[in-house]
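Each chain is listed here by its residues.
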Amino acid sequence: MAIEVRLPTVLRAAASGQASVFVEGETIGEILKALSGSFPGLGNQVVSPDGSLHRFVNVYLNDDDVRYLEKLDTKVAEGDVVSILPAVAGGSF
Amino acid sequence: MLTTVYLVLIFLIPFVLHQANLPRMLNIPQIYLDEMIAHAIREYPLEACGLIAGLGDEVTKFYKARNDAASARIYTVNPSDYLKADRDAEGNGTSIIGVMHSHTHSEAFPSPTDVAQAPDPDWHYILVSLKHKDPVLRSFSIVDGNIVEESVVRLNC
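Here the structure is a predicted model, which is why all the values come from computation and not from measurement.

What to know about the overall build of chain A
Next up, step 1: In terms of regular secondary structure, chain A is built from two helices and six strands.
Next up, step 2: Going from the N terminus to the C terminus, chain A shows its helices and strands as β-α-β-α-β-β-β-β.
Next up, step 3: In terms of C-alpha radius of gyration, chain A reaches 13 Å, essentially the compact-globule figure of 12 Å for 93 residues.
Next up, step 4: Overall, the C-alpha framework of chain A stretches about 45 × 30 × 25 Å when taken along its three principal axes.
Next up, step 5: By the burial criterion, 47% of the 93 residues in chain A qualify as buried.
Next up, step 6: Within chain A, contacts between residues at least 6 apart in sequence are counted, and of these 48% link residues at least 24 apart.

Have a look at this one:
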């Protein structure tokens with residue numbers, strides 16, 4: 001099952017400039033693994049070496065942050081869209 | 001003949017380097033400048049934040065975002081607000097090209113926290129300072145920890 005993964009501008013260079021790509025997987029974890037397989041250099045910007053999601057990216061299944069679902073074990077279905085966006089933060093000190 | 005080519009190339013080098021070092025510009029319609037400053041003032045004393053959509057170096061929309069940190073000293077763009085803004089921008093054939101946030105008691109200049117957490121070297125980082133009597137808005141690029149100010153061009157539309 002191929003799922004659309006939408007990429008933020010900062011990650012597109014690692015995916016030959018594409019704004020969205022289709023990868024196979026039944027869960028968010030499998031999709032991110034497939035993404036690293038297709039685009040080496042992309043996966044390690046999203047997932048830590050220990051396999052958890054980097055804290056400076058947010059991964060959504062449709063409208064929901066996967067951290068509030070089943071994280072990497074979240075199941076995906078035909079027609080779902082996965083979006084990856086950087087966490088945007090800063091401050092005055 | 002070859003000497004002439006070399007001479008031309010040598011004379012071109014400073015020109016090319018100068019072009020490469022030119023700071024970027026950011027064209028912002030007046031309405032969005034007003035919206036960003038109004039948002040900063042409304043959220044005071046907390047830091048305000050939002051995202052800008054655009055094409056190239058022109059801002060086509062400003063999206064206010066909730067500051068999840070709800071703090072006077074730090075901000076975290078609400079991820080769901082970012083997702084909505086991103087979808088809207090892509091739907092309009094544009095992209096999110098930068099982020100705006102306010103500094104309530106310091107200058108409109110990126111802090112070490114801003115630099116350390118800047119996600120995208122292509123983004124425009126807009127700062128609104130409320131330190132002085134009149135708000136100050138400036139824009140920067142942050143690449144590999146280097147801060148370069150860009151000129152903000154106000155568009156009257």
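Focus on empty space enclosed by the protein
All names here are of chain B.
Next up, step 1: The tally for this structure, following the rule as stated, stands at three cavities of 30 Å³ or more.
Next up, step 2: Quantified by volume, the largest cavity comes out at close to 60 Å³.
Next up, step 3: Around the largest cavity sit 13 residues that line it, and Tyr 75, Val 99, His 101, Asp 114 and Tyr 125 are the ones nearest its centre.
Next up, step 4: Breaking the lining of the largest cavity down by element, the ones donating at least two residues are strand 5 (95–103), helix 4 (112–117) and strand 6 (124–129).
Next up, step 5: Of all the elements, strand 6 adds the most residues to the lining of the largest cavity, at three residues.

Some words on unusual backbone geometry
Next up, step 1: Here the amide bond leading from Tyr 44 of chain B into Pro 45 of chain B is cis, since omega sits at 10°, within 30 degrees of zero.
Next up, step 2: Along the chain, the position of Pro 45 of chain B falls in the loop between helix 2 (30–43) and strand 2 (49–55).
Next up, step 3: Positive phi is not limited to glycine here, since Asn 62 of chain A has a value of about 55°.
Next up, step 4: By the secondary structure assignment, Asn 62 of chain A is in the loop between strand 3 (57–61) and strand 4 (64–65).
Next up, step 5: Look at Lys 71 of chain A: it is not a glycine, yet its phi comes out positive at around 50°.
Next up, step 6: Tracing the chain through its elements places Lys 71 of chain A in the loop between strand 4 and strand 5 (81–86).

Side note on the interface of chain A and chain B
Next up, step 1: Counting residues at the interface gives 18 residues for chain A, matched by 29 residues for chain B.
Next up, step 2: The contact between chain A and chain B buries some 2000 Å² in all, and 53% of this surface belongs to carbon and sulfur atoms.
Next up, step 3: Arg 6 of chain A is the partner of Glu 90 of chain B in a salt bridge, and the nearest nitrogen-oxygen pair spans 3.9 Å.
Next up, step 4: At the boundary of chain A with chain B, the tally comes to 13 residue pairs in polar contact (both at pLDDT 80 or more).
Next up, step 5: Among the elements of the structure, helix 1 (9–12), strand 3, strand 5 and strand 6 (89–91) of chain A are those that each provide at least two residues to the side of chain A that touches chain B.
Next up, step 6: Judged from the three bridges that link them, strand 6 of chain A and strand 4 (residues 74–76) of chain B form a sheet pairing that is antiparallel. What sits directly across from Gly 90 of chain A, in strand 4 of chain B, is Tyr 75 of chain B.

A look at the nonpolar core
Next up, step 1: Counting residues in each nonpolar core, the largest one holds 23 residues, and the members touching the most others are Val 5, Leu 35, Val 46, Val 82 and Ile 84 of chain A.
Next up, step 2: Contributions of two or more residues to this core are made by strand 1 (2–6), strand 2 (20–24), helix 2 (28–38), strand 3 and strand 5 of chain A.
Next up, step 3: The biggest single contributor to this core is helix 2 of chain A, with four residues.
Next up, step 4: Not counting the four nearest positions on each side in its chain, Val 82 of chain A is found in contact with Ile 3, Glu 4, Val 5, Arg 6, Ile 28, Ile 31, Val 59, Tyr 60, Leu 61 and Val 76 of chain A.
Next up, step 5: Formed by 20 residues, the second largest nonpolar core is a distinct cluster that contains Leu 83, Ala 89, Val 115 and Ile 142 of chain B.

Comments concerning the pattern of salt bridges
Next up, step 1: Inspection of every chain in the model, using the stated rule, returns eight salt bridges over all chains.
Next up, step 2: For Arg 87 of chain B, the salt bridge goes to Asp 63 of chain A, with nearest N and O atoms at 2.5 Å. Of this pair, Arg 87 of chain B sits in helix 3 (residues 79–91) while Asp 63 of chain A sits in the loop between strand 3 and strand 4, each in a different chain.
Next up, step 3: Look at Arg 87 of chain B and you get partly exposed, because its relative accessible area is 32%.
Next up, step 4: For Asp 63 of chain A, a relative accessible area of 53% translates into the label exposed.
Next up, step 5: The closest approach of N and O atoms between Lys 131 of chain B and Glu 107 of chain B, which form a salt bridge, is 3.2 Å.

Parameters at a glance
- Residues numbered from 1 in each chain as written.
- Chains lettered and ligands numbered in written order.
- Predicted model: local features only at pLDDT ≥ 70, side-chain atom pairs only at ≥ 80, totals over all residues.
- Heavy atoms only, no water.
- Helix = DSSP H or I, 4+ residues; strand = E, 2+ residues; numbered from the N terminus.
- Rg over C-alpha atoms; globule rule 2.2 N^0.38 Å.
- Buried < 20%, exposed > 50% of the residue type's maximum accessible area, 1.4 Å probe, protein only.
- Contact = heavy atoms within 4.5 Å.
- 1 Å grid on protein atoms, 1.4 Å probe; cavity = no way out; pocket = protein on both sides within 12 Å on 5 of 7 lines; lining within 4 Å.
- Points joined across faces, edges and corners; volume = space filled by probe spheres on them.
- Buried area = accessible area lost by both parts, 1.4 Å probe.
- Salt bridge = Lys/Arg side-chain N within 4 Å of Asp/Glu carboxyl O.
- Polar contact = N/O pair within 3.5 Å; in protein donor to acceptor, adjacent residues only side chain to side chain.
- Pairing = 2+ DSSP bridges.
- Core = buried A, V, L, I, M, F, W, Y, C linked by side-chain atoms within 4.5 Å.

By themselves, these are just geometric observations and shouldn't be taken as functional.
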